[in-house]
Amino acid sequence: MDMVKNKKILIVDDEPDIREMIERFLRKEGFFRVYKADNYADALSLCRYEKPDAAILDVMLPDGDGFSLLSSIRSFSDMPVLFLSARGEDEDRLLGLGLGADDYVVKPFLPRELILRLMAVLKRVYGAPAVERLPVFRLESQVVDLEGSVVRREGGELPLTAKEHAILLKLYENRGRIVTSDALCRAVWGDESYGYENTLMVHVRRIREKIEEDPSKPAHLLTVRGLGYKLAAARETR
Amino acid sequence: MDGAVRILRRFVGSTILVSVVLLVFNLILLGSLIFKEIREGPSPEAVVRQLDGGLAKDGRGQYGLSEESHALLKAHRAWAMLLDGDGAVRWGERLPAEIPRAYTLTDVAKFSRYYLMEYPVYVWEREDGLLVVGYPKNSYGKYQLDFLVEWLRSLPLRLLLLLLCNAALALAVSVLIGARLIRGIRPLIDGIHALAKEKPVRVENGGLFSDLSQSINSASRMLQDKNEALKARDEARSNWIAGVSHDIRTPLSMILGYASELEEREELPAEARQQAAIIRRQGERLRSLVSDLNLVSMLEYEMQPLQLKPIRISALARQAASDFLNDGLDDRYAITVQVQDESVLAPGDERLLYRAVTNLIQNSIRHNPEGCAIELRTLRSPDEGFCHFVVSDDGQGIPREDLPDVVKLPYVAGRKRPSRNGHGLGLPMVARIAQAHRGDLILDSDPGAGLRAVLRLPLS
């Protein structure tokens, strides 16, 4: 059974219909320890006595606001908190995350979206500290091993430099999608990366020499003229 | 400040002009009014000279006066006598009885200067003696003027000095009065200037202009009150829209939530699930409408905070184009990016600018269902200090006369036609985002020749 599904989830919202709906979605998803509160005071005492593992907080409560509730909770608990707000304003968003909220969902939301975010937060906080492994993927006969930072092809292994590795990783994360040269430069050289486009081109050419059958006619690492590059859909090997 | 100095200069100038005109006028009056009746008829000297001409010895050695000289003498009620070298009267005409008939040297010296027994007398030197003409008593006053030669010589200089002193005095007095006037006006001028800048004004009352300063104060009060009322109304409107959209969000959450749940229920008939999908999609449309409405109203009433940072607009163009291509842009549409200058940085709110650009692209897509080629261009503007982000298409375009309308909010007075597709907030939002960045949105189009939208943004 999924480790996160037995976590205690607290829903705080002054709208009974919303509480009920969220509870319904959570139960349908497999969560079975769901607590509900409709105001600040109840929510705080529930937090103290039931010690939930995560909370979904509405920003606007009849006897206070969710941000100060979060501050109070933080004084005795580090449980992950996801804000649910009908005010989509940016300041709210920044304030909520600045206080140590783990995520922020704006109403109206799709249930799938809420559940996905909650799961992500729970996995991040309670999930087994899985060793982050970098992808290994196959492009025709070449295997790009980002974990080992090599390209394996007939006739041996070609090591990848740090920059080539960073570029390939960014492209792989967005495989099948155009990644602008700006985004690639930022991924490799950081925010102050203006003017690296030519260097990027050089690195891309070297990568092609390693991963393409015919580097002059690339089939995997494609140039999208005027925009950036795209890694044609690649198959992960594990 | 400048205005006050100008007024002072004007005032001093006109004061000096008035002084000069007054001086000239006085001189003319002096000549024509004061020195006009200094004497009646010809001057005594002229009479004496004429008499001298008319007095002649006849053949027998007797003196005789010509007819007209005689008449002249009579007209002036004067008398005349001729003294010889020894002081004896050789000839007389109309001599009063009290006049002596012989004179000593002292007598002559005395009367030639002043009076002879209170008769003002005038003398003329002749070959055969001294002609003396006496006017009636109390008819003329005789004064002797004596001047130092040095004084006379320096007289022009002194007169000039006098004039200069006068001019200086006039200048000083006018500057003094003018300065006082300006001191009175200065707060008023400052007040009016501040009024033009819509700053609160409180001009001190008192003095010559108390009613004026009162008017300025009340005008300022009125302006402030009006501005505050306007601001309050804008805020109320924006808050109202924010409140309404907030209140819509909760029920919309339920609609979206349950509709998508129904959509995913395997046990439901396909038709019901399709209908649930329609409800969910319409709910999502409503969601974007609500948030767009909120954003536009915040922008409209200048309540949208901007998180400004330098934005590389070429990168923004590539990002927007890539996102459209990545999200499965239909093959009917082509999207290209042209960058003229990579280095152009404009301070902007990245999220809002990205929104503006995507709205423009979305607009081109929506208005050309048969497809079109969309081009994004970034360039330095020909006018200093601005850059252009151009989104153009080769589609149907918008009739020129409708262009001003499409950036107006839907349903406002003056927007003629309801927007045909979409909720009509797209272009108005772009225009307001541009304005929030102190730039503007320039639309250019001809039917059939495509639409060209230029986001003009200040560089700093």
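Labelled according to an unreviewed UniProt entry, chain B appears under the name histidine kinase, originating from Cohnella xylanilytica. According to the UniProt record, the Catalytic activity (unreviewed entry) comment for chain B reads "ATP + protein L-histidine = ADP + protein N-phospho-L-histidine."

Chain A goes by Response regulator transcription factor in an unreviewed UniProt entry, where it is assigned to Cohnella xylanilytica.

Asker: Looking at this structure, how should I read the overall build of chain A?
Answerer: Looking only at helices and strands, one finds eight helices and 15 strands in chain A. Counting only residues that meet the buried cut, chain A has 34% of its 238 residues in that class. For chain A, long-range pairs separated by at least 24 residues make up 53% of all intrachain contacts whose partners lie at least 6 apart in sequence.

Asker: Can you help me understand the packing of helix 6 (residues 162–173) of chain A against helix 8 (residues 197–211) of chain A in this one?
Answerer: The description of two helices packed together rests on the angle between their axes and the distance between the axes. All names here are of chain A. Packing of helix 6 against helix 8 leaves a shortest axis separation of 10 Å and a crossing angle of 85 degrees. If you check the angle between helix 6 and helix 8, you find them roughly perpendicular. Side by side, helix 6 and helix 8 meet where Lys163, Glu164, Ile167 and Leu168 of the first sit next to His203, Val204, Arg206 and Ile207 of the second. Broken down by class, the residue content of the contact of helix 6 with helix 8 amounts to four nonpolar, one polar and three charged.

Asker: Is there a simple way to explain the UniProt feature "modified residue: 4-aspartylphosphate" (unreviewed entry) in chain A in this structure?
Answerer: All names here are of chain A. Following the UniProt record, one finds the feature "modified residue: 4-aspartylphosphate" (unreviewed entry) at Asp58. Following the sequence through the fold, aspartate 58 ends up in strand 3 (residues 54–58). We classify aspartate 58 as buried; it has 24 C-beta atoms within 10 Å. If we ignore the near neighbours within four places in the chain, the residues touching aspartate 58 are Val12, Asp13, Asp14, Gly66 and Leu84.

Asker: In this structure, what is going on with the packing of helix 6 of chain A against helix 7 (residues 181–189) of chain A? I would like to understand it.
Answerer: All names here are of chain A. Taken N-terminus to C-terminus, the directions of helix 6 and helix 7 make an angle of 130 degrees; their axes are 9 Å apart at the nearest point. By the angle between their directions, the pair helix 6 and helix 7 is classed as oblique. By crossing handedness, the relation of helix 6 to helix 7 is classed as right-handed. For the pair helix 6 and helix 7, contact is made by Lys163, Ala166, Ile167 and Lys170 and by Leu184, Ala187 and Val188, respectively. Looking at side-chain class alone, the contact of helix 6 with helix 7 contains five nonpolar, no polar and two charged residues.

Asker: How should I be thinking about the environment of leucine 23 of chain B in this particular structure?
Answerer: Tracing the backbone through its elements, the reader meets leucine 23 of chain B in helix 1 (residues 2–34). Expressed as a C-alpha distance, the spacing of leucine 23 of chain B and asparagine 166 of chain B, which sit 143 residues apart in the sequence, is 9.8 Å.

Asker: Looking at this structure, how should I read the UniProt feature "transmembrane region" (unreviewed entry) in chain B?
Answerer: UniProt feature "transmembrane region" (unreviewed entry): in the numbering of this structure it lies at residues 12–35 of chain B. Annotated as 96% helix and 0% strand, the span residues 12–35 of chain B places its first and last C-alpha atoms 33 Å apart.

Asker: Sorry if this is basic, but what is going on with the nonpolar core here?
Answerer: Generally speaking, nonpolar side chains in soluble globular proteins are found buried as a group. In terms of nonpolar packing, the biggest core is built from 70 residues, with Ala356, Val357 and Val430 of chain B touching the most fellow members. Every residue in contact with alanine 356 of chain B, bar those within four places of it in the chain, is listed here: Val430, Ile433, Ala434 and Leu455 of chain B. Counting residues in each nonpolar core, the second largest holds 39 residues, with Leu10, Ile11, Leu61 and Phe83 of chain A among its members.

Asker: Would you take a moment to explain the pairing of strand 8 (residues 136–139) of chain A for this structure?
Answerer: Consecutive residues of a regular strand have side chains that alternate between opposite faces of the sheet. Residues and elements named next belong to chain A. Where strand 8 meets strand 9 (residues 142–145), four bridges bridge the pair, whose relative direction is antiparallel. By the bridge assignment, arginine 138 is partnered in strand 9 with valine 143. Hairpin connection between strand 8 and strand 9: a loop of two residues separates the two successive antiparallel strands, and glutamate 140 in this loop has a positive phi of roughly 50 degrees.

Asker: I would appreciate a short explanation of unusual backbone geometry in the present structure.
Answerer: Peptide bonds are trans in most cases, and residues, glycine excluded, mostly fall at negative phi. Each neighbour pair has its own omega, and for lysine 107 of chain A with proline 108 of chain A the value is -5 degrees, a cis peptide bond. One can find proline 108 of chain A in the loop between strand 7 (103–106) and helix 5 (111–126). Phi at serine 149 of chain A is positive, roughly 55 degrees, even though this residue is not glycine. Structurally, the position occupied by serine 149 of chain A is in the loop between strand 9 and strand 10 (150–153). A count of 16 C-beta atoms within 10 Å places serine 149 of chain A in the partly exposed class. One non-glycine residue, arginine 77 of chain B, adopts positive backbone phi at about 50 degrees. Within the element layout of this structure, arginine 77 of chain B appears in the loop between helix 3 (67–75) and strand 3 (79–83).

Asker: Sorry if this is basic, but what is going on with the pairing of strand 4 (residues 89–93) of chain B here?
Answerer: Residues and elements named next belong to chain B. Where strand 3 meets strand 4, four bridges bridge the pair, whose relative direction is antiparallel. Within strand 4, the residue paired with methionine 81 across the bridge is glycine 92. Linking strand 3 to strand 4, which pair antiparallel, is a turn of five residues; within it glycine 87 sits at a positive phi near 95 degrees.

Cut-offs used in this document
Residues numbered from 1 in each chain as written. Chains lettered and ligands numbered in written order. Predicted model: local features only at pLDDT ≥ 70, side-chain atom pairs only at ≥ 80, totals over all residues. UniProt positions renumbered as here; feature names shortened; annotations may be inferred. Helix = DSSP H or I, 4+ residues; strand = E, 2+ residues; numbered from the N terminus. Buried ≥ 20, exposed ≤ 12 C-beta atoms within 10 Å, placed from the backbone. Contact = placed C-beta atoms within 7 Å. Axes fitted to C-alpha atoms, helices over the stretch in contact; angles between N-to-C directions. Parallel < 35°, antiparallel > 145°, perpendicular 65-115°, else oblique. Nonpolar A, V, L, I, M, F, W, Y, C, P; charged D, E, K, R; others polar. Left-handed = near helix turned anticlockwise from the far one by under 90°. Core = buried A, V, L, I, M, F, W, Y, C linked by C-beta atoms within 7 Å. Pairing = 2+ DSSP bridges.

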